Amino acid sequence: MSSGLYGSDEFEALLHEDNVLDGAFECLRRIWTDPDALGDRRLTESEYQTRLLERELEKIYPQLYDDLREQMGSHPITKLDDGCGVIMDALSLREGFRLEQELVDEHDWSVSLSWAPIERLPSETQFICREWFDAQSPSAVSRDDFRFIGDLDVPKLPGTSPEYVWTRHPDQRLEGALKGNYSVEEVEDIYEDVKALLEDIIHESGHDEFLVTSDHGYVNHLGNSPYSLTDEQEEALSSKFSGRFREVANGQAYQLLERAKVIERVREHYMVRGHYKWTKRGATKKIMHGGFSLPECMTPVLQIQTER
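Residues numbered from 1 in each chain as written. Predicted model: local features only at pLDDT ≥ 70, side-chain atom pairs only at ≥ 80, totals over all residues. Heavy atoms only, no water.

*Asks:* Go over the overall build of the chain, please, and point to the residues and values.
*Replies:* Along its length, the chain carries eleven helices and eleven strands. The buried share among the 308 residues of the chain stands at 56%. Contacts in the chain between residues at least 24 apart in sequence constitute 72% of all its contacts with a sequence separation of at least 6. Total accessible area computed for the chain in this model is approximately 13,900 Å², and 40% of it derives from carbon and sulfur atoms. (Helix = DSSP H or I, 4+ residues; strand = E, 2+ residues; numbered from the N terminus. Buried < 20%, exposed > 50% of the residue type's maximum accessible area, 1.4 Å probe, protein only. Contact = heavy atoms within 4.5 Å. Areas by Shrake-Rupley, 256 points an atom, 1.4 Å probe, with all protein chains shown as cover.)

Structural data, given as structure tokens:
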């Protein structure tokens, strides 16, 4: 019945956690702590299991998305009193689980991983950066305690307490990965570079306590999916959406998709819910964000202490 998505411990968490999303977190841990989960050979299966988990959870717990939306706001990064807060654009729980394991194994650091919902919907940088730093984008933030890193080289950091660092990676690389029917570069290679970037930030910073998180995660449409659309729904989705969210508009297509729970309205935007995808001509992105799903809206929260 679980399709291998959870063992006895994860099932207990789903049944008895006060927050069903904490149980979902443990199920995602089961999928993504496999050391080969991000590798080229295992990635398709790991992503399929992630989609299937969300689909099954919604069936047995219809309030899943309501709960997730209600818990948004007051992200841990907004409560940072000292130390260094590192926001890695589009870092997801996939990478978070692996970072937790490898940073402990390779360094004499104390590392723990939890999760937090994104600050708000849509799961898109511009909206979240505006909430956190009152700017349209991280590169536009002008504060003495903030540094934006657009590439893989670490500049001199602010040296304040707290200090904030926002990296353009991994999102910059993920946007081009797996586009069309070929892989521009492997997701695992992107992960390795992002891990090295994080290690460089930690070594460059004068702090010994770090909170590492992201503004949002992403969906990866690689491979098959348990999410399906009727021809009418796919036509409506492909004709009205170029990405995972758009501004609210009038029309029967939106009503059709809302009734089918393919999209959801939050304030002035419609967002694609779950892992629905549609076919477009040309090279289509497989890795996307801006919608309303667990991998997009559950962000990793790594607490790292470099001195014990």
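The rest of the description comes next.
*Asks:* I'd like a description of the nonpolar core, backed by residues and values.
*Replies:* Within the largest apolar cluster, 88 residues are counted, with the highest numbers of intra-cluster contacts made by Leu-68, Val-212, Leu-237, Phe-241, Ile-263, Met-298 and Ile-304. Non-local contacts of Ile-304, meaning those with residues more than four positions away in its chain, are made with Leu-103, Trp-109, Ser-110, Val-111, Ile-202, Asp-208, Glu-209, Phe-210 and Val-212. (Core = buried A, V, L, I, M, F, W, Y, C linked by side-chain atoms within 4.5 Å.)

*Asks:* Pulling in residues and values, what's your account of the sheet that holds strand E8 (residues 263-266)?
*Replies:* The sheet built from three strands is open, its strands ordered E7-E9-E8 with antiparallel pairing. Whereas interior strands pair on both sides, the edge strands pair on one side only; in this sheet they are strand E7 (245-247) and E8. Neighbour-to-neighbour, the strand axes of the sheet open up by a mean angle of 25°, direction not taken into account. As defined by bridge partners, E8 adjoins strand E9 (residues 269-272) across four bridges and the pair is classed as antiparallel. Within E9, the residue paired with Val-266 across the bridge is His-269. Contacts from helix H10 (residues 252-259) reach E7, E8 and E9, with the element oriented near 105° to E8. (Pairing = 2+ DSSP bridges. Axes fitted to C-alpha atoms, helices over the stretch in contact; angles between N-to-C directions.)

*Asks:* Go over the sheet that holds strand E1 (residues 84-88), please, and point to the residues and values.
*Replies:* Across the sheet, which stays open at both edges, the six strands sit in the order E2-E11-E5-E1-E4-E3 with mixed pairing between neighbours. The open sheet has two free edges, formed respectively by strand E2 (110-117) and strand E3 (146-149), since each of these has just one partner strand. Each adjacent strand pair in this sheet contributes to an overall mean axis angle of 20°, direction not counted. Most of the contacts of helix H2 (residues 20-32) go to E2, to which it runs at about 130°, and overall it touches E2 and strand E11 (298-305).

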